[in-house]
Amino acid sequence: TARALASRAGGDEVRRLDAVVVGAGFSGLYALHRLRELGLRVRVLEAADRVGGTWLFNRYPGARCDIESIEYSYSFSTELQQEWTWSELLPGQAEIEAYLNFAADRLDLRRDIQFDTRVAAMTFDEADQTWLVTTEAGERFVAPFVVAATGILSAPLDPGIPGLATFRGTTLYSNRFPREGHDFTGQRVAVIGTGSTGVQAIPVVAEQAEHLYVYQRSAAYTLPSPARRYEPGEFEELRSRYDEIRAAQLLAHVGAARTSAFSVLTNLGGLPALRTASREAQLRAVEEKGVVGALYWSDVMFDPEAIRMATALYGEAVARIVRDPETAASLVPTYPFGCKRPIIDQGYYETFNRPNVTLVDLRKDAIQEITPTGIRTERAHHELDAILFATGFDALTGALTRIDVRGRGGALLRDVWATEGPVAYLGLQVSDFPNLFLVQGPGSPSAASNFLAAMEHHIEWITDCVAHLRAGGHRTIEALPSAQAEWIDEILALVNGSVLMHPDCNSWYNGANVPGKKRMYTTYVAGLPSFRQRCDEIAAAGYTGFKIG
Ligand code: FAD
C-alpha cells in the first residue's frame, strides 16, 4: 500500500505492536509462535529473504549438525514431531533448512514475518516504556517487548587479510555461501580456517578441487563423526518414542545428545585416568579408537599433566593416519583439549594423505597478502582460482553490537559490552535494557548445550515472563546490576581453574578470536537441567534479581 511504501521509504508512520522479534531462525520462529499463542500482536523482522538463520546462510559443502536430528529439532509440538521425517542421524544443512521451512508453514508463521528487513537501531523510550525499533530502510516499530533472536553465531568476521579486494578469482564465505552452490571441480582452491566449518568443508572440497591448500592458524581436536543415514524403519521407531527420548534428554547432563560431541567433555567421569594409565593402555586406546582414544580419559579436563599427555597422545594418533610427518605434526593442536567444543569430522585427517591437498601451517609460514592471482605467504605464492573463507563469527554478542541498542539513559549496549565484557543476567537480559530479552545471551549454557533444548527453555521462560507481566498489569522487567554481577561471578567460579581458563585457550567462547574484543568466558557450564532449575526458581519467587515496574 501507499502507506507501507511511505513507511518503507522512511516516512513518519510508526507501527505499534505488542512485541517485536528480531531474527527468523530456530529461536525467532518459536518466539513468534509462543507470543502469538499469548494473543500478542507480533512482527518478526528478518534481514534475510527467508527463514532458516544459521541453516540458511551456512550452506558450505559438508555443513552438518553435530547433534542427532531427533534432538536438534523442536520438541514443543507433537504435530511437528510426528509429521516430519528425518533421513539422517546427524542432519545436514539442506535437511535442517527444509525442516525450518516446514515448521514455518505448519505453524503458519510467515504472515507475521517481514523479510529483507535489517534492524539498525532499538531505543528504549523511558517515558513510554516501549522500544522503538528502526530498520535500515527507515521503518519504525514500537512495542513494549523485544526478543533479540539474532543468533549467537550469525555476525560474520571480516577475514582482515590485506589485498583481499584485489583477488580476481572467486571469493566465497562459508557463512554466506551462494544459494546455487559452487563447483570446485578443476579449480585450485584455498580454504582459510580450520574451525568447525573448515574441518567439515575440507574433505568435501578436496574431492572436487584440482588442488586444495588448507591455511591453518590453529589446529583442532576432532572426533570422528557418527553421521549416517537412518536404516529403514529406524527413524520411525524413534519417532514413536519421542516423549521418552525427550524426557531422557532433559535429564542428561548437558541436555545434549548421547552422541553430541560436547557431552564428551562433561561425561568423562567413569573413565580411567590418563595420568595413571600404563603406556600399553594408552597405546591400546589409540589403536582401538583412533584420535578419540587419545581423549577419553577422566582427567583430561582438569589435570594439567593429563592435559599435556592427552595432546601428546593425540599427536601420536594423528601421526598414525597422516603419512607426511611434518603435516601430521602441524595438525596437532597447541591448546588443551576441552577448551572448545570438539569438532566432528568425516575423514578430515585422511584428506591430508591426498596428493592434491597441501597444508599451510600459518604458525610457521604466515599469510602476507592476497594477490590478484592467489595468496602470498612468507615462503610461497599459491596460484588460486577460488578462496573459501571459513573464518568464523563475532560470536555471542556480535549480532547485537551491530545494532544501535540504547537502553536507559541512552546506554549503548555495544559500549557496555566493550567496557564491562559481555555481561547479562542468566543470558536473558542486560541491566539498563528493560524488556529486551536475549536468546542464548552471554551467561547462558549456549555452546555448552544442545542449542535447541536450551533455546526452547529460554523462549518459554521469556514468554511466560511476558505473560506474567501482562497479567499483573506490569510494564517492565529489568535485570538488577547486582544480580547480573553475581551471575557472572558464579559462571566464572564454575570454570575457574579448568582448562577453559587456560591462557592458550583462545576461542570464540571467550572472544579471543576477535581482535580487540574484551576477553571473558561467559558460558554457563553446569548443564541445562541446573540452569532450568535456577531460572524456574527465580521466576517462581517473583523474578528474583529482576526489578518489575
Ligand atoms: P540464527 O539461526 O543465527 O538466526 C538469527 C537470525 O537473525 C538470522 O536469520 C539473521 O539474519 C537474523 N538477524 C541478525 N541480526 C539481524 C538484524 N539486525 N536485523 C534483522 N535480522 C537479523 N548448534 C548446535 O547445537 N549444534 C550444531 O551442530 C550447530 N552447528 C552449527 C553450525 C554452524 C555453521 C553455525 C554457524 C552454527 C551452528 N550451531 C549449532 C549453532 C546455531 O547457531 C544454533 O544451533 C541455531 O541454529 C541458532 O538459531 P537462532 O535462531 O538463535 O539464530
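Before reading on, note that the structure itself is shown above.
Residues numbered from 1 in each chain as written. Predicted model: local features only at pLDDT ≥ 70, side-chain atom pairs only at ≥ 80, totals over all residues. Heavy atoms only, no water.

Caption draft 1: Representation of the site of the ligand within the structure. In the vicinity of the ligand, 30 residues are found, and the nearest of them are Ser27, Glu46, Thr54, Asp66 and Tyr72. Contacts to the ligand include Ala47, whose backbone N or O atom sits 3.1 Å from a nitrogen atom. A distance of 2.7 Å is found between an oxygen atom of the ligand and a backbone nitrogen or oxygen belonging to Thr54. In isolation the ligand exposes 980 Å². Once the protein is present, 93% of that is buried. Mapped onto the shell around the ligand, the elements with two or more residues apiece are helix H2 (26-37) and helix H3 (54-57). (Near = heavy atom within 4 Å. Polar contact = N/O pair within 3.5 Å; in protein donor to acceptor, adjacent residues only side chain to side chain. Areas by Shrake-Rupley, 256 points an atom, 1.4 Å probe, with all protein chains shown as cover. Helix = DSSP H or I, 4+ residues; strand = E, 2+ residues; numbered from the N terminus.)

Caption draft 2: Spatial organisation of the packing of helix H10 (residues 279-289) against helix H11 (residues 304-321). Here H10 crosses H11 at 45°, and the two axes come no closer than 10 Å. In terms of their interaxial angle, H10 and H11 are classed as oblique. In the packing of H10 onto H11, the handedness of the crossing is right-handed. Contact residues: Arg279, Gln282, Leu283, Val286 and Glu287 in H10; Met309, Leu313, Glu316, Ala317 and Arg320 in H11. (Axes fitted to C-alpha atoms, helices over the stretch in contact; angles between N-to-C directions. Parallel < 35°, antiparallel > 145°, perpendicular 65-115°, else oblique. Left-handed = near helix turned anticlockwise from the far one by under 90°. Contact = heavy atoms within 4.5 Å.)

Caption draft 3: Fine view of the packing of aromatic side chains. Scanning all chains against the criterion turns up 30 aromatic pairs. For the pair Tyr348 and Phe352, a centre-to-centre distance of 5.2 Å together with 85° between the ring planes defines the contact as edge-to-face. The class of Tyr348 is buried, set by a relative accessible area of 2%. On the accessibility criterion, Phe352 (6% relative accessible area) is buried. (Phe/Tyr/Trp six-rings, centres within 6.5 Å; stacked < 30°, edge-to-face > 60°. Buried < 20%, exposed > 50% of the residue type's maximum accessible area, 1.4 Å probe, protein only.)

Caption draft 4: Looking closely at the pairing of strand E6 (residues 130-135). Within E6, five of the six residues are buried, which leaves the element mostly enclosed by the surrounding structure. In the sheet, strand E5 (residues 119-125) pairs with E6 via six bridges, with the strands oriented antiparallel. From the neighbouring strand, Asp125 faces E6, where its bridge partner is Thr130. Linking E5 back to E6 in an antiparallel pair, the connection comprises four residues, with Gln129 at a positive phi of about 55°. Judged from the four bridges that link them, E6 and strand E7 (residues 140-143) form a sheet pairing that is antiparallel. Following the sheet pairing, Leu132 is matched in E7 by Val142. Here E6 folds back onto E7, and the loop between the two strands holds four residues, one of which, Gly138, carries a positive phi near 95°. (Pairing = 2+ DSSP bridges.)

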